[in-house]
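Report on the structure
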Amino acid sequence: MSCAMPILRPKSFVGPERLGVFELLYEWAYEGRNFPILGPGTNRYQLLDVEDLCKAVHLCATSDERLANDTFNVGATEFGTLKEDFQAVLNHAGQEDRVSSGEARDRRA
């Protein structure tokens, strides 16, 4: 007898108790500090709301197994750049442009 089950491959997800580095960034935004990023911050970065991940898990657990027993990449349908995400946090805190770009340096030299 074979046992099939869904495989979920989520992007980085954030939400209550899953803030990671954003918890530090929220604190910095509240304090009016700059958000440092390496380079221009134009790289696109996909974050996933933990509520959406829970919905995907629920769908897999309650759907017909012929549909659910597959591999699913779970991510946001809309996402922007790291700089845009950081600025959104600052905007919510009432701060203006405080994302500061910097060059990465090779510390081995």
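Whatever comes next refers back to the structure up there.
Attention in this report is confined to the structure presented alongside it. (Residues numbered from 1 in each chain as written. Predicted model: local features only at pLDDT ≥ 70, side-chain atom pairs only at ≥ 80, totals over all residues. Heavy atoms only, no water.)

Right, let's get into the overall build of the protein chain. Per the secondary structure count, the protein chain includes four helices and six strands. Starting at the N terminus and walking to the C terminus, you meet the elements of the protein chain as β-β-α-β-β-α-α-β-α-β. For the protein chain, whose C-alpha radius of gyration is 18 Å, the value lies well above the compact-globule estimate of 13 Å for 109 residues. Across its three principal axes, the protein chain shows a C-alpha extent of roughly 55 × 40 × 20 Å. The buried share among the 109 residues of the protein chain stands at 23%. Surface summary for the protein chain: the accessible area is close to 8500 Å², and the carbon and sulfur share equals 51%. (Helix = DSSP H or I, 4+ residues; strand = E, 2+ residues; numbered from the N terminus. Rg over C-alpha atoms; globule rule 2.2 N^0.38 Å. Buried < 20%, exposed > 50% of the residue type's maximum accessible area, 1.4 Å probe, protein only. Areas by Shrake-Rupley, 256 points an atom, 1.4 Å probe, with all protein chains shown as cover.)

Here we come to the pattern of salt bridges. As enumerated under the stated definition, the model contains three salt bridges in all. A salt bridge links glutamate 31 to arginine 33; the nearest nitrogen and oxygen atoms lie 3.6 Å apart. By relative accessible area, which is 43% here, glutamate 31 ends up partly exposed. Arginine 66 serves as the salt-bridge partner of aspartate 64, at 2.7 Å between the closest nitrogen and oxygen. On the basis of relative accessible area, aspartate 64 is assigned to the partly exposed category, the value being 33%. With relative accessibility at 71%, the residue arginine 66 sits in the exposed group. (Salt bridge = Lys/Arg side-chain N within 4 Å of Asp/Glu carboxyl O.)

Before going further, it helps to spend a moment on the environment of proline 6. Tracing the chain through its elements places proline 6 in the segment before strand S1 (7–10). By relative accessible area, proline 6 is classed as partly exposed at 28%. Between the C-alpha atoms of proline 6 and asparagine 69, which are 63 residues apart in sequence, the distance is 4.3 Å. What proline 6 contacts, discounting residues up to four positions off in sequence, is Cys60, Ala68, Asn69, Asp70 and Phe72. (Contact = heavy atoms within 4.5 Å.)

Worth remembering: the numbers are spatial, not functional.
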